Amino acid sequence: MTDVRSQGAARHRPQRRPARVLPAVPMLATAFLLLPVGAGVLGTLAPAFGVLPAAGVMQPGLGAFADLAAWPGLPDAVRLSLVAGGVSTLLSLAVVTAVLAAWSGTRTFAAVRALLSPLLSVPHAAAAFGLAFLIAPSGWILRALSPWATGFDRPPDWLIVQDPWGLTLIAGLVAKEVPFVMLMALAALGQADAGRAMTVARSLGYGRMTAWVKVVFPQVYRQIRLPVYVVLAFSMTVVDVAIVLGPNTPPSLAVQAVKWMGDPDLAMRLRAAAAAVLQLALVLGALAAWWLGERAVAALGRRWIAAGGRGRREVWARRAALGIAGLSAAAVLGGLAVLALWSVAGFWAFPDPWPSGLTMQNWTRHAMTLNATVAETAVIAAVSTLIALTLAIGCLEAEMRHGLRLGAAGLWLLYLPLLVPQVAFLPGLSTAMLLAGVQGGTAAVTAAHVLFVFPYVFLALGDPWRAWDRRYGTVASALGAGPDRVLWSVRLPMLLAPLLTAAAVGVSVSVGQYLPTLLIGGGRVQTLTTDAVALASGGDRRAIGVFALAQTAAALVPFALAIGLPRLIYARRGGMRHG
Amino acid sequence: MDEGLSLDRVQVRLNGRVLLSLDLAVAPGTVTSVMGPSGSGKSTLLGAVMGTLSAPFEVLGRIRLDGADLSGRPPEARGIGILFQDDLLFPHLSVGANLAFGLPPGLRGRAARRAAVDAALSEIGMAGFAARDPGSLSGGQKIRVALMRTLLSEPRALLLDEPFSSLDADLRAQMRTMVFARARARTLPVLMVTHDAEDAAAADGPVLRLG
Amino acid sequence: MRTITGALAALAMGGAAWAEPDPADWDAVTETARGQTVYWNAWGGSPTTNDFIAWVGRRVAEDHGVTLEHVKLSDTASAVSRVLSEKQAGQHAGGAIDLIWINGENFAAMKAADLLFGPWAWELPNWALVDRTKPVDVDFTVPTEGYESPWAAAQVVFMYDTADLPEPPRTVPAIAAWAAETPGRFTYPQPPDFLGSTFLKQALYGVVDDPAPLLDPADNADYDAVTAPLWALLDQLTPNLWRQGRAYPQTGPRQIQLMADGEIDLAISFSPGEASAAIANFELPDTVRTFVPEGGSIGNASFVAIPYNAAAKAGAMVVANFLLSPEAQARALDPQVLGYGTVLDVAGLPDEDRALFDGIDLGIATLSPDELGTALPEPHPSWMERIEADWTARYGVAD
């Protein structure tokens with residue numbers, strides 16, 4: 001007896017020519033993620049250990065770390081990074097779990113779902129500014145209540161925004177992370193057989209929330225673990241949100257590292273690099289701690305489940321879950337509304353609830369810049385998303401045809417650019433690219449964006465792709481269609497909606513990139529976000545309002561298209577409307 | 001035996017464990033039923049015949065169709081049609097486009113292909129349905145279109161994977177008759193996997209039990 | 001390959017064989033500049049400044065065929081980083097930055113690290129129009145030596161809202177005393193923000209008996225003794241600041257926003273026309289006025305510099321020269337546009353150029369040149385560095 005597969009493979013090779021390129025795609029994609037991150041981290045490690053030839057520094061050793069340790073703000077900066085990251089991740093996960101447990105599958109939940117895309121589209125910095133203006137002592141909430149309810153003619157001197165504990169920062173992060181975790185959880189939920197599991201559990205007498213947490217949550221959490229890690233790493237290292245909402249005496253470690261990186265004293269680059277390395281170590285430590293926490297919670301959870309409590313009095317818990325989620329959505333959307341108002345505001349004094357006049361001056365002033373940057377932003381987003389989508393389809397198709405599935409290690413690699421703090425590898429990467437002779441330009445920035453777009457696109461596409469009924473492929477093959485025809489005529493058209501959603505996610509990720517655009521582009525590549533952050537550094541709320549709206553629109557339009565186009569194209573195809 | 005579908009000492013292994021082992025010959029115009037409980041290897045058998053099993057599965061032995069060795073051929077080059085329990089009409093294509101998907105590429109010209117599709121629809125009593133959305137068809141209509149789509153691709157053998165189990169009793173009998181009749185008319189060897197004894201009885205052919 | 005080219009380029013530079021535009025031959029400069037694209041890295045945080053730079057771009061395109069691209073930075077130092085990275089990577093020509101809006105601290109750093117092209121500024125045709133009595137050839141006590149060209153004059157003033165504070169305190173100690181009575185109504189941008197550090201220097205001038213040591217490196221003086229009154233003052237002031245000094249605005253514009261929101265009544269500014277410009281843009285109420293603290297205030301100039309590896313040096317010089325033209329200077333002075341002080345000797349200009357300035361309404365909140373008085377010189381940058389570091393250790397890391 002012989003292995004007929006290998007024989008056949010030899011005989012039929014000419015027919016399956018594309019197979020030679022396809023199996024290489026996962027490798028290519030992995031290299032694409034690994035090399036830049038690796039090169040960048042090396043480029044940061046070198047100055048951290050005293051090697052920065054351009055500044056005339058060649059003293060290998062731990063001097064930079066000693067210098068960092070001597071900085072009096074270090075304990076507070078580290079604490080802030082850990083607390084803000086850990087608490088906001090924990091809260092985001094808790095809110096998502098509570099809302100899903102309390103409301104998934106209900107009509108109320110459809111409304112929650114409809115809010116997701118707009119919430120995801122609001123850029124972090126814009127959301128932070130909006131929130132700051134809502135809750136500051138001179139913000140909209142107090143303006144609306146003053147002076148009739150509070151008696152204030154002048155804003156009170158309360159430390160709400162930028163409080164030393166980072167509570168406002170945590171609130172801002174939670175408001176922005178909840179939609180992301182929710183999106184990921186919904187994707188995972190699609191794979192768990194939640195409906196029937198819930199029916200069984202509830203028929204056994206379990207309350208809705210208890211049933212969900214005991215039966216469905218373990219399945220969902222296993223799927224969203226890595227995205228949760230991403231949220232943890234992101235929250236610990238976020239810069240733009242922390243500058244606006246976080247304390248500055250001292251700021252969080254990532255903010256301080258970026259500040260040092262920009263210090264005119266070139267020797268500070270070493271301290272900045274050391275801080276970036278410490279930040280990387282903190283993130284790794286926090287991930288390890290989280291992982292240990294997972295095991296502890298799992299052990300406790302198993303005991304809790306085995307104890308068999310039914311948890312019936314859940315009315316208040318359900319309302320609280322919805323209330324908190326509603327509050328975080330209102331914070332983002334309300335903040336955006338307030339920024340929209342600012343973008344057309346004339347003078348607006350405390351405690352007037354409305355501006356004293358409206359003017360289009362800010363929009364006309366920024367119109368020219370907007371036109372140019374919108375075009376550049378769109379080109380970069382479209383090309384990087386297209387590349388990422390092609391790579392993702394290549395990887396998934398290789399998985400389907402050749403069983404080349406990314407293992408656990410591969411999945412970590414995929415997340416590498418999202419887990420390694422941007423401050424820890426982008427400056428090094430920028431130097432490495434210069435060394436390699438790559439000029440910072442639109443092309444280089446687009447390539448750098450792919451680094452961050454690809455993981456999200458792959459995540460967004462992977463589940464629907466794998467959930468696709470492979471028997472359609474078998475049927476098509478039996479009808480004589482080769483693997484390529486199956487891909488182009490059956491699989492891709494049937495997956496149009498998830499493809500467009502993945503593309504919209506990709507575009508919104510690309511639109512939001514700040515540091516990669518700035519550092520890799522050498523400042524020459526201007527997008528809506530680089531302009532918005534530059535203006536945000538000035539703190540002009542009117543300008544921020546204009547750019548925040550433009551940025552949100554740039555991310556929201558693709559989401560709208562992703563929802564609308566399939567409905568239009570498949571208007572007469574009932575079978576395409578679900579799944 | 002040169003005519004028909006034959007499985008010559010076929011063995012399917014997974015990581016060295018033997019999942020399935022059988023010898024089988026299906027003559028043209030006859031239906032062989034394979035029965036067995038869940039997990040007895042029915043879908044593995046279909047996968048082996050279709051050529052959709054990939055590593056770590058190992059398929060040993062010979063699978064022949066009309067004398068030609070199918071081993072190692074990709075599914076699209078085997079000339080074997082398949083009908084599943086669900087109709088699996090492509091939801092993004094119209095009824096006509098679904099049928100045209102099965103037409104061999106050798107049939108050239110838009111008008112000629114269109115005519116072939118219309119003729120096929122008339123044959124199953126669904127003339128004028130070409131532009132319809134498959135989602136709007138009744139269960140019986142879907143099965144008829146799915147069968148016709150398979151037959152249009154001119155297969156030289158037919159596999160049935162519990163094709164009638166989703167239908168109610170009346171329709172089931174009706175559809176069985178239609179499928180078997182058309183397969184016999186084209187003298188196709190038919191291999192049917194089922195757990196419904198009535199299916200096997202109606203097939204009026206050899207019955208093989210697995211597991 | 002790239003590094004080899006870079007190394008060759010470095011050799012060529014060392015041998016002075018590199019074909020650089022010669023600013024003394026201005027015709028050749030304008031000739032070379034035509035068709036060049038100049039990437040001007042300048043802070044992008046102020047819409048009015050961005051508009052002004054866009055206008056400069058349109059004008060140099062018309063007159064000289066130079067395309068100006070404003071690279072909007074959130075922090076000027078990132079431009080320094082870029083030049084540094086390029087040098088690190090051996091890219092000694094064709095760099096990404098042609099012109100930088102630079103402040104004294106960054107200038108000192110770049111000059112010390114040989115990252116600047118020059119000297120060129122004193123060869124510009126419009127340099128002849130510049131008022132040399134203004135701080136145009138020394139930047140933070142560091143001689144510019146023609147490595148950077150001035151384009152706007154700045155002087156410290158304090159803005160106050162007459163609606164809330166009719167009689168503002170006019171010295172820094174008086175500000176501290178006033179803050180003790182009405183806590184929470186004053187703050188300053190957090191050092192090392194440029195404006196915040198300027199407040200510290202202004203405060204230092206206000207408390208020292210003899211300002212002479214400030215003009216020499218801090219190491220030459222008894223730093224602790226000189227700065228002791230400053231820390232005493234700040235120790236007294238800080239708990240009475242906005243948010244008890246536990247948070248600070250991060251930039252000047254955010255400080256203005258606080259004033260517009262009514263959170264603070266008094267704020268420092270480094271531009272005498274800023275208040276008027278902000279009123280014109282609805283960013284401040286029209287009840288805001290300005291004053292110069294008793295004893296005078298620090299003045300300096302804004303400069304532009306060209307990195308040593310700039311790709312379009314000729315174009316950059318053409319832009320710098322245009323910035324010094326009466327047309328550009330008069331436009332920048334207009335509070336409806338920018339409200340930046342001019343570095344030109346307006347009285348010495350030809351009549352038609354002077355008319356450009358005479359027609360400008362400086363705005364209700366802008367002081368006359370007489371009221372501004374003569375500016376105090378910037379202390380040596382070493383003072384600023386040490387004071388910033390000490391400030392951060394004392395107030396920047398405490399709750």
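Residues numbered from 1 in each chain as written. Chains lettered and ligands numbered in written order. Predicted model: local features only at pLDDT ≥ 70, side-chain atom pairs only at ≥ 80, totals over all residues. Heavy atoms only, no water.

*Asks:* Which residues make up the overall build of chain A, and what values go with them?
*Replies:* Looking only at helices and strands, chain A has 24 helices and two strands in total. Computed over C-alpha atoms, the radius of gyration of chain A comes to 25 Å, within 12% of the 25 Å expected from 2.2 N^0.38 for 579 residues, which places it in the range of a compact globule. In terms of overall dimensions, chain A has a C-alpha envelope of 85 × 65 × 55 Å along the principal axes. The buried share among the 579 residues of chain A stands at 57%. Accessible surface, chain A: about 23,200 Å² in total, of which carbon and sulfur atoms supply 69%. Taken together, the 44 basic and 22 acidic charged side chains of chain A have centroids lying 14 Å from each other. (Helix = DSSP H or I, 4+ residues; strand = E, 2+ residues; numbered from the N terminus. Rg over C-alpha atoms; globule rule 2.2 N^0.38 Å. Buried < 20%, exposed > 50% of the residue type's maximum accessible area, 1.4 Å probe, protein only. Areas by Shrake-Rupley, 256 points an atom, 1.4 Å probe, with all protein chains shown as cover. Lys, Arg positive; Asp, Glu negative; His and termini not counted. Charge placed at Lys NZ, Arg CZ, Asp CG, Glu CD.)

*Asks:* Help me get a handle on the overall build of chain B, residues and values and all.
*Replies:* The secondary structure content of chain B amounts to six helices and nine strands. Taken over C-alpha atoms, the radius of gyration comes to 17 Å for chain B, in line with the 17 Å a tight globule of 211 residues would show. With respect to the principal axes defined by its C-alpha atoms, chain B has extents near 50 × 40 × 30 Å. Taking all 211 residues of chain B together, 53% fall into the buried category. Long-range contacts, defined here as pairs at least 24 residues apart, represent 70% of the contacts in chain B between residues at least 6 apart. For chain B, the exposed area adds up to about 8,600 Å²; of that, 50% sits on carbon and sulfur atoms. Computing the positive centroid from 23 side-chain charges and the negative centroid from 22, chain B places the two 4 Å apart. (Contact = heavy atoms within 4.5 Å.)

*Asks:* Before we move on, can you summarise the sheet that holds strand S2 (residues 17-26) of chain B with the specific residues and values?
*Replies:* Residues and elements named next belong to chain B. Here four strands make up an open sheet; going across it, the order is S2-S1-S4-S5 and the pairing antiparallel. Every interior strand has two partners, whereas the edge strands, S2 and strand S5 (68-69), have only one. Summarising the sheet, strand S4 (residues 57-65) and S5 pair through two bridges and their orientation is antiparallel. Each bridged residue has a counterpart across the sheet, and for Leu65 the counterpart in S5 is Ala68. Sheet strands in contact with helix H1 (residues 42-50) are strand S1 (5-14), S2 and S4, and its direction is about 115 degrees off that of S1. (Pairing = 2+ DSSP bridges. Axes fitted to C-alpha atoms, helices over the stretch in contact; angles between N-to-C directions.)

*Asks:* So what about the nonpolar core? Which residues, and what values?
*Replies:* Of all hydrophobic cores here, the largest spans 194 residues; its most connected members are A:Ile224, A:Phe454 and B:Leu5. Here the element with the most residues in this core is helix H10 (residues 208-237) of chain A; it accounts for 16 residues. The two domains that each donate at least three residues to this core are domain 1 (1-49 + 367-579) and domain 2 (75-359) of chain A. Setting aside residues no more than four positions away along its own chain, A:Phe454 makes contact with A:Ala29, A:Leu33, A:Ala388, A:Leu391, A:Ala392, A:Cys395 and A:Leu414. Residues A:Leu266, C:Leu84, C:Ala152 and C:Phe303 belong to the second largest nonpolar core, which totals 74 residues. (Core = buried A, V, L, I, M, F, W, Y, C linked by side-chain atoms within 4.5 Å. Domains from an automatic or database assignment.)

*Asks:* I'd love a proper account of the packing of helix H7 (residues 194-207) of chain C against helix H8 (residues 223-237) of chain C, names of residues and values included.
*Replies:* Residues and elements named next belong to chain C. Where H7 meets H8, the closest approach of the two axes is 9 Å, and the angle between their N-to-C directions is 115 degrees. As the angle between them shows, H7 and H8 are arranged roughly perpendicular. Pair H7 / H8 crosses with right-handed handedness. Here Phe199, Leu200, Ala203, Leu204 and Val207 of H7 lie close against H8, whose contacting residues are Val226, Thr227, Pro229, Leu230, Leu233, Leu234 and Leu237. Looking at the contact of H7 with H8 residue by residue, the class counts come to eleven nonpolar, one polar and no charged. (Parallel < 35°, antiparallel > 145°, perpendicular 65-115°, else oblique. Left-handed = near helix turned anticlockwise from the far one by under 90°. Nonpolar A, V, L, I, M, F, W, Y, C, P; charged D, E, K, R; others polar.)

*Asks:* I'd like a description of a negative patch on the surface, backed by residues and values.
*Replies:* All names here are of chain C. Residues Asp22, Asp25, Asp27, Glu31 and Glu123 make up a contiguous surface patch of negative charge. Relative to the assigned elements, Asp25 resides in the loop between helix H1 (2-14) and helix H2 (26-33). Judged by relative accessible area, which is 39%, Asp25 ranks as partly exposed. (Patch = residues over 30% accessible without salt bridge, like charges linked within 9 Å, V, L, I, M, F, W, Y side chains within 5 Å. Salt bridge = Lys/Arg side-chain N within 4 Å of Asp/Glu carboxyl O.)

*Asks:* Account for a nonpolar patch on the surface, naming residues and giving values.
*Replies:* All names here are of chain A. Where nonpolar side chains cluster on the molecular surface, the patch consists of Val557, Leu561, Leu565, Leu568 and Ile569 and spans about 470 Å² of accessible area. Position of Leu568 relative to the elements: it lies in helix H24 (residues 541-569). Given a relative accessible area of 65%, Leu568 falls into the exposed group.

*Asks:* Before we move on, could you go through the arrangement of the chains and cite the residues and values that matter?
*Replies:* Counting contacts across all two pairs of chains that touch, the top-ranked interface belongs to chains A and C. Here chain B and chain C are not in contact; the least distance found between their C-alpha atoms is 45 Å.

*Asks:* Summarise unusual backbone geometry; cite the residues concerned and give the values.
*Replies:* In this chain, A:Ser146 is followed by A:Pro147 through a cis amide linkage whose omega measures -10 degrees. Backbone torsion omega between C:Gly118 and C:Pro119 reads 0 degrees, so that peptide bond is classified as cis. Mapping C:Pro119 onto the fold places it in the loop between helix H5 (104-112) and strand S4 (138-139). Even without being a glycine, B:Asn15 presents a positive backbone phi close to 50 degrees. When its relative accessible area of 65% is taken as the criterion, B:Asn15 is described as exposed.

*Asks:* Tell me about the interface of chain C and chain A, and please be specific about residues and values.
*Replies:* With 73 residues of chain C at the interface, the matching set in chain A holds 70 residues. Across the chain C/chain A interface, buried area totals approximately 5,700 Å², and carbon plus sulfur atoms make up 50% of it. The interface formed by chain C and chain A holds seven salt bridges in total. For A:Arg143, the salt bridge identified is with C:Asp261, shortest N-O distance 2.8 Å. For the pair chain C and chain A, the interface holds 19 residue pairs in polar contact (both at pLDDT 80 or more). For the side of chain C that touches chain A, the secondary structure elements donating two or more residues are H1, strand S1 (37-43), helix H3 (47-64), strand S2 (67-73), helix H4 (77-88), H5, helix H9 (252-260) and helix H15 (381-396) of chain C. With nine residues, the single largest contributor to the side of chain C that touches chain A is H4(C). (Buried area = accessible area lost by both parts, 1.4 Å probe. Polar contact = N/O pair within 3.5 Å; in protein donor to acceptor, adjacent residues only side chain to side chain.)

*Asks:* Report on the domain arrangement of chain A, specifying residues and quantitative values.
*Replies:* Residue and element names in this part refer to chain A. Split by domain assignment, chain A resolves into domain 1 (1-49 + 367-579) and domain 2 (75-359). Opposite the 32 residues of domain 1 that make contact, domain 2 presents 39 residues. A per-residue breakdown of the area domain 1 buries against domain 2 is headed by Val423, Arg541 and Arg542, which together make up 20% of the total. Taken together, the connections running from domain 1 to domain 2 amount to zero salt bridges. Inspection of the domain 1/domain 2 interface yields two residue pairs in polar contact (both at pLDDT 80 or more). Those elements that place two or more of their residues in the side of domain 1 that touches domain 2 are helix H2 (24-48), helix H16 (408-419), helix H17 (422-435), helix H18 (442-467) and H24. No other element matches H24, which puts 13 residues into the side of domain 1 that touches domain 2.

*Asks:* Just give me the short version of the pattern of salt bridges, but keep the residues and values in it.
*Replies:* Residue and element names in this part refer to chain C. What the rule picks out here adds up to 37 salt bridges over all chains. A salt bridge links Lys313 to Glu20; the shortest N-O distance between them is 3.0 Å. In this pair, Lys313 is assigned in helix H11 (residues 313-323) and Glu20 in the loop between H1 and H2, connecting sequence segments 293 residues apart. Residue Lys313 is classed as buried on the basis of its relative accessible area, which comes to 6%. Looking at Glu20, the relative accessible area reads 29%, which means it is partly exposed. Close ionic contact of Asp63 with Arg59 constitutes a salt bridge, the shortest N to O distance being 2.9 Å. Pair noted here: Asp63 and Arg59 are both in helix H3, with a separation of four residues, about one helical turn. Taking the relative accessible area as the measure of exposure, Asp63 reaches 37% and is therefore partly exposed.

*Asks:* Tell me about the sheet that holds strand S7 (residues 157-161) of chain C, residues and numbers included.
*Replies:* Residue and element names in this part refer to chain C. Pairing is antiparallel across the open sheet formed by three strands, whose spatial order is S8-S7-S9. At either end of the open sheet lies a strand with only one pairing partner, and these are strand S8 (266-269) and strand S9 (288-291). Strand-to-strand, the axes of this sheet are offset by a mean angle of 30 degrees, without reference to chain direction. Summarising the sheet, S7 and S8 pair through four bridges and their orientation is antiparallel. The residue bridging Phe158 from the neighbouring strand is Ile268, located in S8.

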